[in-house]
Amino acid sequence: MLTQAQVDFYREHGYVVVKGMFTPEEAARFRAESHALIERLQRIGKTDATWESARGVTMNKTSLLHCHNVQFHSAALCGLMLDDRLTSAASQIIGSANVQLHHNKLFIKPPEKGSPFPMHQDQPFFPHDNDSMIAAVVHFDDAPLEKGCIRVVPGSYKNGPIPHESDGGWHLPFDQYPLESSVACPAQAGDVLFFSYLTIHGSGVNTSSEARTTMLIQMRDPEDQPTVITHLSRGQGMMLRGVDPTAVAGSNVEWSLSTPKPQSAMGGMGMGGPAMGAMGMGEPKKGM
Ligand SMILES: O=C(O)CCC(=O)C(=O)O
């Protein structure tokens, strides 16, 4: 459970770093699990997820190792998403007893050349009606400034969605939103950073001699419907806490991966119709 002060901090600033949510021993186990997973994936294919637009931050060649939807690769990392410490905090921040998975991604920023993320909001990648979507970034090792820790613009979520540039991954204009204009959120192994999908954030290059290892979990209130059907993924819609009050017979996930949800399950939001994919937002897909 978060303290009232932590919840108040989040409401004011759109982010909060929760120290020591997981023990250093737990973080070390998740780190080992993560590095083993990435090594397995490297043997069978491409694992780099550096955004093209990262070149706006550095012209040096950088690298970002990733795995999306880790629950299909590791029971330990699947269990992490269901951990009561994480989901109770998410529930308090979202303001709903029910917490639903949107997607997750494991990132390893390798030593000396770990890719940066230009400043952006997550909202353009997967806009929702009520903006309940939050990210929780679980740190599996220490993330000081020199490892390219995440940086945020406090309070920015209160201004709503901002127009982004789409080339190479939705990002904000580099001249107006330099990384340096934001507040760094250095963290230690076991700390969790929560932020709204409207909070402007990014991160710098890992110039240190150690990898930065994190798992980012995007979660929402299941009653908050996507404005655009986009950024679908295997496992989306899994309940991490509580229940899905919008579910009817069958699975929302199957609906979202194939056809729009029926009106009865959408609260009359009119999700159907061929124009949904062409509403202008929601692409390109993030971190792939
Ligand atoms: O892990 C990071 O450094 C930033 C990740 C990020 O901004 C994102 O995936 O939206």
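In this report, the structure presented in the accompanying data block is examined. Since the structure is predicted, the reported quantities are computational estimates derived from the model, not experimental observations.

Rules behind the numbers
- Residues numbered from 1 in each chain as written.
- Predicted model: local features only at pLDDT ≥ 70, side-chain atom pairs only at ≥ 80, totals over all residues.
- Helix = DSSP H or I, 4+ residues; strand = E, 2+ residues; numbered from the N terminus.
- Contact = placed C-beta atoms within 7 Å.
- Pairing = 2+ DSSP bridges.
- Buried ≥ 20, exposed ≤ 12 C-beta atoms within 10 Å, placed from the backbone.

## Some thoughts on the overall build of the protein
The number of helices and strands found in the protein is five helices and eleven strands. Sequence-distant contacts in the protein: of pairs separated by 6 or more residues, those separated by 24 or more amount to 86%.

## Observations regarding the sheet that holds strand S6 (residues 150-152)
Spatial ordering of the open sheet is given by S4-S9-S6-S7, a layout of four strands whose pairing is antiparallel. Among the strands making up the open sheet, the edge pair consists of strand S4 (117-120) and strand S7 (183-184). Pairing of S4 with strand S9 (residues 201-203), which is carried by two bridges, proceeds in the antiparallel orientation. From the neighbouring strand, His120 faces S9, where its bridge partner is His201.

## Some remarks on the environment of Ser91
Relative to the helices and strands, Ser91 resides in helix H4 (residues 84-94). Note: C-alpha distance between Ser91 and Met1 (90 residues apart in sequence) is 9.2 Å. With residues near it in sequence (within four places) discarded, Ser91 still touches Ser96, Ala97, Val99 and Arg241.

## What about the environment of Leu80?
Looking at the secondary structure, you find Leu80 in helix H3 (residues 75-81). It is 10.0 Å that separates the C-alpha atoms of Leu80 and Ile217, two residues lying 137 residues apart in sequence. In this structure Leu80 touches Phe30, Val138 and Met215, once residues within four positions along its chain are discounted.

## Regarding the pairing of strand S5 (residues 134-139)
Of all six residues that make up S5, six are buried, and the element is covered over most of its length. Burial along S5 is two-sided: Ile134, Ala136 and Val138 facing one way and Ala135, Val137 and His139 facing the other are all buried. Of the strand pairs in this sheet, S5 and strand S8 (residues 192-196) are connected by five bridges, and their pairing is antiparallel. The partner of Ala136 across the bridge, within S8, is Phe194. Pairing of S5 with strand S10 (residues 212-220), which is carried by six bridges, proceeds in the antiparallel orientation. When the sheet's bridge partners are listed, Ala135 is paired in S10 with Gln218.

## Points about the pairing of S8
Counting buried residues in S8 gives five out of five residues, a clear majority hidden from the surface. Pairing of strand S1 (residues 15-18) with S8, which is carried by four bridges, proceeds in the antiparallel orientation. The residue of S8 that forms the bridge with Val17 is Leu193.

## Overview of unusual backbone geometry
A positive phi angle, near 55 degrees, is found at Asn69, a position not held by glycine. Within the element layout of this structure, Asn69 appears in the loop between strand S2 (65-68) and H3. Unlike most non-glycine residues, His231 shows phi in positive territory, near 55 degrees. Mapped onto the elements of the fold, His231 is located in the loop between S10 and strand S11 (239-241).

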